[in-house]
Amino acid sequence: LINSGGSVSFTSANRGGNYLRYYSIDEAGNQQSIVSDDVNINQLPVFSAASDDAGTIKGGTTVTVNTTASDADSNQTIKLVVCKTIGVTGTDCDGGAGDQYCTTTTGAGGTNPTCNWTAESDNTTHSWYAYIFDSLNEGAAGNYKTGSYTTDSTAATVSPTNPGNGAGTSDNTPTFTGTATENISNCQIQVASNEGFSTILHNGLDANVSGGTTCSYVLPDANTLSDGNYYWRMKATDTVGNAGAYD
């Protein structure tokens, strides 16, 4: 029973569809016909998962965050905001634009927003924090989700180990071996007749990688070296794609 000037209150506990029927009776006892109405209170978006496609990556690589998010209100958009640190003010990262990795908004009724950014060109681990909001700027109960990736922006170097510097050999098709500073995916060898490498005899010969960091190359008979002094060096590309130079 609601007297004149009274009201019916709905709270966040009543999110979703609510159904209201009412009628009025005046002081003379005349009764209004029953009126039915629907009251829909905004439902919070559901945010159940977020993940990136990175792991350990080369600096400057694109990082993409994919989400599992939806909204029961079909007319709502979903906004994804990915921050560099924890915390948002409204629907923005606490630190402003400089604290944001990326953001995107779906169309009405859209689900699972995704966005990406260019990773830092350094050598460290970076964390990200993902938040979901609806068209009314209400945040998901599942806020926030977090993840991390590691950037590697330093190329591997390869130190020649065998034949050693100044060493002699009677083998005119020697095996050249070097050790890299990190795991590598490929390596090459360069052989010259002078120390300044201005006279290159063999360039960019693809060597074999074993044990992650060992680079070796057996000179084939077709490239047999005449007796004399020779100079050699190696370079490699690490497992995330940083290409080194001849060392």
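Rules behind the numbers
- Residues numbered from 1 in each chain as written.
- Predicted model: local features only at pLDDT ≥ 70, side-chain atom pairs only at ≥ 80, totals over all residues.
- Heavy atoms only, no water.
- Core = buried A, V, L, I, M, F, W, Y, C linked by side-chain atoms within 4.5 Å.
- Buried < 20%, exposed > 50% of the residue type's maximum accessible area, 1.4 Å probe, protein only.
- Helix = DSSP H or I, 4+ residues; strand = E, 2+ residues; numbered from the N terminus.
- Contact = heavy atoms within 4.5 Å.
- Polar contact = N/O pair within 3.5 Å; in protein donor to acceptor, adjacent residues only side chain to side chain.
- Phe/Tyr/Trp six-rings, centres within 6.5 Å; stacked < 30°, edge-to-face > 60°.

> Can you help me understand the nonpolar core in this one?
Nonpolar side chains tend toward joint burial in soluble globular proteins. Among the nonpolar cores identified, the biggest contains 19 residues, and Phe47, Val82, Trp117, Trp128, Ala130, Ile132 and Tyr149 are the most heavily contacted of them. Counting only elements with at least two residues in this core, the list comes to strand E3 (46-52), strand E5 (62-70), strand E6 (78-83), strand E9 (100-105), strand E10 (114-118) and strand E11 (125-134). Beyond its immediate sequence surroundings of up to four residues, Tyr149 is in contact with Ala54, Gly55, Ile57, Val63, Tyr101, Trp117, Ala119, Glu120, Thr124, Thr125, His126 and Trp128.

> I tried to follow unusual backbone geometry on my own but got confused; where do I start?
Excluding glycine, residues mostly carry a negative phi; peptide bonds, for their part, are mostly trans. Cis geometry is found at the peptide bond from Asn143 to Tyr144, where omega equals 0 degrees. The topology assignment puts Tyr144 in the loop between E11 and strand E12 (145-152). Residue Pro163 is reached from Asn162 by a cis peptide bond, and omega for that bond is 0 degrees. With a phi close to 65 degrees, Asn137 is a non-glycine residue in the positive phi region. Among the structural elements, Asn137 can be located in the loop between E11 and E12. In the Ramachandran plot, Phe197 falls in the positive-phi region, its phi being about 55 degrees despite a non-glycine side chain. For Phe197, the location among the structural elements is in the loop between strand E15 (184-192) and strand E16 (200-206).

> I'm lost on the side chain of Asp134 in this one. Help?
Summarising the element assignment, Asp134 is placed in strand E11. One polar contact links the side chain of Asp134 to the main-chain amide nitrogen of Leu136, over a distance of 2.9 Å. For Asp134, the contacting residues outside a window of four places in its chain are Asn42, Gln43, Pro45, Asp71, Gln76 and Thr77.

> Can you help me understand the environment of Gly241 in this one?
For Gly241, the position within the fold is in the segment after strand E19 (231-238). Between the C-alpha atom of Gly241 and that of Thr154, which follows or precedes it by 87 residues, the distance is 9.8 Å.

> Would you take a moment to explain the packing of aromatic side chains for this structure?
Think of a pair of aromatic rings as described by two things: how far the centres are apart, and how the planes are tilted against each other in angle. In total, this model carries 6 aromatic pairs according to the counting rule given. For the pair Trp117 and Tyr149, a centre-to-centre distance of 6.1 Å together with 50 degrees between the ring planes defines the contact as tilted. Pair noted here: Trp117 is in strand E10 and Tyr149 is in strand E12, with a separation of 32 residues, a long-range link. Here the two residues Trp117 and Tyr149 agree in accessibility, since each one is buried. With centroids separated by 5.7 Å and ring planes inclined at 45 degrees, the aromatic side chains of Tyr131 and Tyr144 adopt a geometry described as tilted. Here Tyr131, found in strand E11, pairs with Tyr144, found in the loop between E11 and E12; they are 13 residues apart in sequence, far enough to count as distant. For Tyr144, a relative accessible area of 35% puts it in the partly exposed group. These aromatic residues form a ring-pair network of at least three members: Tyr101, Trp117 and Tyr149.

Any link to function would need more than the numbers given here.
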